[in-house]
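# Examination of the molecular architecture
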Amino acid sequence: MRDGLKERSLNRMDEIVGYFSGFHGVLAVAAYGSNAFRERFDDHSDLDFLVLVEPAVKDEILGRASRLETLCPVVALQIQHGDAVKLLFSDGVFCDFGVVTPDQLGTFFHGAGRYLWRKDGWNGTELGANEPPGTAVDDLLLSTLFHLYIGLLRLAWGEDAAAFYEIQVTAAGNLLAILEGEKADAFSPLRRAEGLLFKEILRGIMPGYDHTFEATEAILTYIPRAEDHPLYKAVRELTANRR
């Protein structure tokens, strides 16, 4: 089903721009991610975009999201946080977009974008990236150790799912941010991690539901300069007690 989806998605994006640009109060449609910089766009990409509107028509335009079914049947639609829309068309084209006012651009984090359409006479606003601030390595290290400690307690209580999340998701994500350094994705160190690290590292720190203890051991192996930290020693005491 996904063969040829790149072309379908980009054509659908053109149709979506035409749809929203026809309404009073819509100022622009701006693309983000691979939808903006299309050398990365492929059959597995989604349509990430924003519809910029005047405040008075925001609710009305959000309400018209369901009418995108006039372009192609919609099989799923969800509006989150009041203005964020996820929508899946029946032919596999997936949209992740928001309906916002220009003043709201600075209130949430996003990558760089580009305009696909602007209303005549509206000069627009800068679409540079508004990325979340980075976390210092020492803070990432401390957070990793805390999540390992909490996760091991959950594991001892038999709460395997909670332990999995603490260790193989949160602690592992913090470790990836440390290992990837400045190359880490600003929004998630899991994004494109396979291109930055050896897959053996990823398999080691995220081996699966029944292997959370092994994940802990692997994460401790890769943590830099932590052996003398009291919290590292506390985590090691928990691992020793479990052996």
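That block above? That's the structure.
Notes on the structure in this doc start here. As the structure is a prediction and not an experimental result, all values here were calculated from the model.

## A closer look at helix α1 (residues 5–21)
- Taking 1.5 Å of rise per residue, the 17 residues of α1 would be expected to cover 24 Å, and the 24 Å separating its terminal C-alpha atoms lies within 8% of that figure.
- Listed as buried for α1 are L5, S9, L10, R12, M13, I16, V17, Y19 and F20.
- Buried residues along α1 sit against β1 (26–32), β2 (47–53), α2 (58–63), β4 (84–89), β5 (94–100) and β6 (113–118).

## Observations regarding the pairing of β1
- Counted residue by residue, β1 has seven buried out of seven residues, so it is predominantly covered.
- By the bridge criterion, five bridges tie β1 to β2 in an arrangement that is antiparallel. Residue pairing across strands places A30 opposite L50, the latter belonging to β2.
- Across five bridges, β1 lies against β6 in antiparallel orientation. By the bridge assignment for β6, V29 is matched with W117.

## Details of the packing of helix α3 (residues 137–156) against helix α4 (residues 160–180)
- Where α3 meets α4, the closest approach of the two axes is 8 Å, and the angle between their N-to-C directions is 165°. As summarised for this structure, α3 and α4 are arranged roughly antiparallel, according to the angle between their axes. In the crossing of α3 with α4, the sense of the turn from one axis to the other is left-handed. Facing α3, whose interface residues are V137, L140, L141, S143, T144, H147, L148, I150, G151, L152, R154 and L155, α4 presents D160, A162, A163, E166, I167, T170, A171, N174, L175, A177 and I178.
- For the contact of α3 with α4, a count of residues per class yields 14 nonpolar, six polar and three charged.

## Topic: the pattern of salt bridges
- Tallied over the full model, the rule gives eight salt bridges.
- Here R12 makes a salt bridge to E15, at a shortest N to O gap of 3.0 Å. Here R12 pairs with E15, and both are found in helix α1, just three residues apart, close to one helical turn.
- Since its relative accessible area comes to 8%, R12 is described here as buried.
- Judged by relative accessible area, E15 falls into the partly exposed class, the value being 38%.
- Two residues, D83 and K58, come together in a salt bridge whose shortest N-O distance is 3.0 Å.

## Overview of the sheet that holds strand β3 (residues 74–80)
- With mixed pairing, six strands are arranged side by side in an open sheet as β3-β4-β5-β2-β1-β6. Both edges of this open sheet fall to β3 and β6, since each of them pairs with a single strand only. Across the sheet, the axes of successive neighbouring strands diverge by a mean angle of 20°, strand direction being ignored.
- Across the sheet, α1 is in contact with β1, β2, β4, β5 and β6; its angle to β2 comes to roughly 10°.

## Things to note about the packing of aromatic side chains
- Overall, the coordinates contain five aromatic pairs when judged by the stated rule.
- Between Y19 and F23, the aromatic rings sit 5.1 Å apart at their centres with planes inclined by 80°, giving edge-to-face as the arrangement.
- Taken together, Y19, F20, F23, F49 and F97 form an aromatic cluster joined through their ring pairs.
- Looking at R12, its charged tip hangs above the ring of F89, at a distance of 4.7 Å from the centre.

## Side note on α3
- The end-to-end C-alpha separation of α3 is 29 Å, in line with the 28 Å expected for 20 residues at 1.5 Å each.
- Elements in contact with the buried residues of α3: α4, α6 (212–222) and α7 (230–242).
- Just past α3, the residue G158 takes up positive phi, approximately 80°.

## Brief notes about the layout of surface pockets
- The volume enclosed by the largest pocket comes to roughly 940 Å³.
- Every residue lining the largest pocket is counted, 34 residues in all, and those nearest its centre are Y32, D48, D96, H110 and G111.
- Contributing elements (two or more residues each) for the lining of the largest pocket: β2, β4 and β5.
- Residue contributions to the lining of the largest pocket peak at four residues, all from β5.
- Taken together, the residues that form the lining of the largest pocket break down as twelve nonpolar, eleven polar and eleven charged.

Rules and cut-offs
Residues numbered from 1 in each chain as written. Predicted model: local features only at pLDDT ≥ 70, side-chain atom pairs only at ≥ 80, totals over all residues. Heavy atoms only, no water. Helix = DSSP H or I, 4+ residues; strand = E, 2+ residues; numbered from the N terminus. Expected span 1.5 Å × (residues − 1). Buried < 20%, exposed > 50% of the residue type's maximum accessible area, 1.4 Å probe, protein only. Contact = heavy atoms within 4.5 Å. Pairing = 2+ DSSP bridges. Axes fitted to C-alpha atoms, helices over the stretch in contact; angles between N-to-C directions. Parallel < 35°, antiparallel > 145°, perpendicular 65-115°, else oblique. Left-handed = near helix turned anticlockwise from the far one by under 90°. Nonpolar A, V, L, I, M, F, W, Y, C, P; charged D, E, K, R; others polar. Salt bridge = Lys/Arg side-chain N within 4 Å of Asp/Glu carboxyl O. Phe/Tyr/Trp six-rings, centres within 6.5 Å; stacked < 30°, edge-to-face > 60°. Lys NZ or Arg CZ within 6 Å of the ring centre and 35° of its normal. 1 Å grid on protein atoms, 1.4 Å probe; cavity = no way out; pocket = protein on both sides within 12 Å on 5 of 7 lines; lining within 4 Å. Points joined across faces, edges and corners; volume = space filled by probe spheres on them.

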